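Architecture and fold: a report
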Amino acid sequence: MLYVPSGRWLTGSFNLTSHLTLFLEKGAVIIGSQDPSHWEVVEPLPSYGRGLEVPGGRYQSLINGYMLHDVVITGNNGTIDGMGMVWWEWYSSHSLNHSRPHLVEIVASDYVVVSNLTFLNAPAYSIHPVYCSNVHIQNISISTPPESPYTVGIVPDSSDKVCIEDCIVSIGFDAISLKSGWDEYGIAYGRPTENVHIRRVHLHAFSGSALAFGSDMSGGVSDVLVEHAHLFNSKSGIEFRTTKGRGGYMKEIVISDIQMENIYTAIAATGNCGSHPDDKFDPNALPLLDHITLKDVSGTNITIAGSFDGIEESPFTNICLSNITLSTNSASPITWECSNVSGFSDSVLPEPCPDLGNPSSSSSSCFYLLKSISGKSEVQ
């Protein structure tokens, strides 16, 4: 165990090791240095091929792990503060030499636990498990100011057997975002994000989505169960993002028992979102969005109930909406927008667009998840 007692502890980037518990006592605050020389520049992740924001390398995260087994980051509600203000300023002024660091990034590891801590002011992502298996993120709080540019909370990336539960995230862009690589690099790496269970979370995303899928999803995203979530004060509640050239898929996803408050667009899916890392992508690599079920959803003060903008050459298919009631405000006369999408609906208000208005003809029309995720048998 690496024990951090009460107090304020300034540090640059550092690495964890296998079979280690990093424990922050109550009142302990790990503070990330704002001096870039304290942050090593490392190679891009192979499923991305370059830094996300600046071509080339990227700043290593504050807390790192590589090829670890059995690592725990926990405490008695201690705090990890990335002091991201200077990084946000450099990003906004286009002054970055390399892509921004994250707070915690664990790579190619298994049996990872992050629990019972507060994460503040991440330069970019707060928690980023990538190429990992058996990840449990529980009872954590994540916060950045609303104006922090493109800050993201929890980002499972090309990882499997992930459980996220009992967390509160209030962030500048996306609260939880599921990813799996970028264009030709993600397709070549070929590792999906799958077998993910998210439950009992409270998510606030100021300029992005409370729950996002993509747009970096070239390795695929599938077998995801989200339940008992509270989404509030966000630009969008649930959003699927992709674009031509991404390839990959988003499929076999069930989202249920969702409460939304003060959301501009409650449910969205777009096939024209995101840029490309370079000009080497294959424009014929079309993504697939299929077998998505949203059920038992309620919302108040919603401006647009749903916006589904698919891809003409690869429409979004088998979208099932069931028992959804969204109370829309008077700010927009349009409640649903649809193109290149097909699916089913039952007991949905306001009434969805005709492309999604077909009644479900059988139970097979909607996808239901039966999976064992993180050792817990779940049935939906």
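Now for a description of the structure that goes with this document. (Residues numbered from 1 in each chain as written. Predicted model: local features only at pLDDT ≥ 70, side-chain atom pairs only at ≥ 80, totals over all residues. Heavy atoms only, no water.)

Turning our attention to the side chain of Arg58. As for its placement among the helices and strands, Arg58 is situated in strand S7 (residues 58-59). Looking at Arg58, its side chain comes within polar contact range of the main-chain oxygen of Glu43, at 3.1 Å. Of the polar contacts made by the side chain of Arg58, one reaches the side chain of Glu105; its length is 3.1 Å. Residues in contact with Arg58, not counting those within four places in the same chain, are Glu40, Val41, Val42, Glu43, Pro44, Leu45, His98, Ser99 and Glu105. (Helix = DSSP H or I, 4+ residues; strand = E, 2+ residues; numbered from the N terminus. Polar contact = N/O pair within 3.5 Å; in protein donor to acceptor, adjacent residues only side chain to side chain. Contact = heavy atoms within 4.5 Å.)

Space left empty within the atom packing is revealed by a probe, the size of a water molecule, rolled over the atoms. Empty space within the largest pocket amounts to approximately 650 Å³. Considering the residues around the largest pocket, the lining is formed by 30 residues, among which Leu52, Tyr125, Tyr150, Lys179 and Asp216 are closest to the centre. Mapped onto the lining of the largest pocket, the elements with two or more residues apiece are S7 and strand S14 (125-130). Taken together, the residues that form the lining of the largest pocket break down as 12 nonpolar, seven polar and 11 charged. The volume enclosed by the second largest pocket comes to roughly 260 Å³. Along its surface, the second largest pocket is lined by 17 residues, and Leu45, Arg58, Tyr66, Glu105 and Val107 are the ones closest to its centre. Contributing elements (two or more residues each) for the lining of the second largest pocket: strand S8 (63-66) and strand S11 (104-107). The dominant element in the lining of the second largest pocket, judged by the number of residues it contributes, is S8, at three residues. Its residues assigned to classes, the lining of the second largest pocket comprises 10 nonpolar, four polar and three charged. (1 Å grid on protein atoms, 1.4 Å probe; cavity = no way out; pocket = protein on both sides within 12 Å on 5 of 7 lines; lining within 4 Å. Points joined across faces, edges and corners; volume = space filled by probe spheres on them. Nonpolar A, V, L, I, M, F, W, Y, C, P; charged D, E, K, R; others polar.)

What follows concerns the pattern of salt bridges. Enumeration over the complete set of coordinates arrives at 14 salt bridges. In this structure, the salt-bridge partner of Glu105 is Arg58, at a minimum N-O distance of 3.1 Å. Of the two residues, Glu105 sits in strand S11 while Arg58 sits in strand S7, which places them 47 residues apart along the sequence. Judged by relative accessible area, Glu105 falls into the buried class, the value being 3%. Arg58 gets classed as buried once you look at its relative accessible area, which sits at 11%. Of the charged contacts in the structure, one is a salt bridge between Asp160 and Arg191, with a shortest N-O distance of 2.9 Å. (Salt bridge = Lys/Arg side-chain N within 4 Å of Asp/Glu carboxyl O. Buried < 20%, exposed > 50% of the residue type's maximum accessible area, 1.4 Å probe, protein only.)

The next subject is the packing of aromatic side chains. Under the criterion given, the structure shown has 10 aromatic pairs. With a centroid separation of 5.0 Å and 65° between ring planes, the pair formed by Tyr59 and Trp87 is classed as edge-to-face. Residue Tyr59 is located in strand S7, and its partner Trp87 is located in helix H1 (residues 85-92); the two are separated by 28 residues in the primary sequence. According to the relative accessible area criterion, Trp87 is buried, its value standing at 0%. Put simply, the rings of Trp39, Tyr59, Trp87 and Trp90 touch in pairs and so form one group of aromatic residues. In this arrangement the basic side chain of Arg100 is found over the ring face of Tyr91, its NZ or CZ atom lying 4.3 Å from the centre. In this arrangement the basic side chain of Lys251 is found over the ring face of Tyr249, its NZ or CZ atom lying 4.7 Å from the centre. (Phe/Tyr/Trp six-rings, centres within 6.5 Å; stacked < 30°, edge-to-face > 60°. Lys NZ or Arg CZ within 6 Å of the ring centre and 35° of its normal.)

What follows is about the environment of Asp70. Mapped onto the fold, Asp70 is located in strand S9 (residues 69-75). The spatial distance from the C-alpha of Asp70 to the C-alpha of Val135 is 9.9 Å, given a sequence separation of 65 residues. If sequence neighbours within four positions are ignored, Asp70 has contacts with Ser18, His19, Leu20, Asp110 and Tyr111.

Under the defined criterion, the tally for this structure stands at one disulfide. For Cys273, which is in no disulfide, the shortest distance to another cysteine sulfur is to Cys338 and amounts to 17 Å. (Disulfide = S-S within 2.5 Å.)

Considered for burial, the residues of H1 that qualify are Val86, Trp87 and Trp88. Summarising the contacts, the buried residues of H1 are in contact with S7. Count one or two residues on from H1 and you reach His94, which has phi positive near 55°.

Below, the discussion takes up the pairing of S9. For S9, a buried count of five out of seven residues is recorded, marking the element as mostly surrounded by other parts of the structure. Where strand S4 (residues 20-24) and S9 come together, five bridges link them in parallel fashion. Counted as the bridge partner of Phe23 is Thr74 from S9. Strand direction decides the pairing type here: S9 and strand S12 (residues 110-115), joined by four bridges, are parallel. The residue bridging Ile73 from the neighbouring strand is Val114, located in S12. (Pairing = 2+ DSSP bridges.)

On to unusual backbone geometry. Most peptide bonds adopt trans geometry, and most residues besides glycine take a negative phi value. With an omega of 0°, the peptide bond running from Gly214 to Ser215 counts as cis. Tracing the backbone through its elements, the reader meets Ser215 in the loop between strand S22 (209-213) and strand S23 (221-241). Residues Leu349 and Pro350 are joined by a peptide bond in cis, for which omega reads -5°. For Pro350, the location among the structural elements is in the loop between strand S28 (341-349) and strand S29 (370-373). Non-glycine residue Asp296 carries a positive phi angle of around 55°. Within the fold, Asp296 resides in strand S25 (residues 288-309). Taking the relative accessible area as the measure of exposure, Asp296 reaches 26% and is therefore partly exposed. A positive phi angle is found at Asn301, which is not glycine, with a value near 55°.

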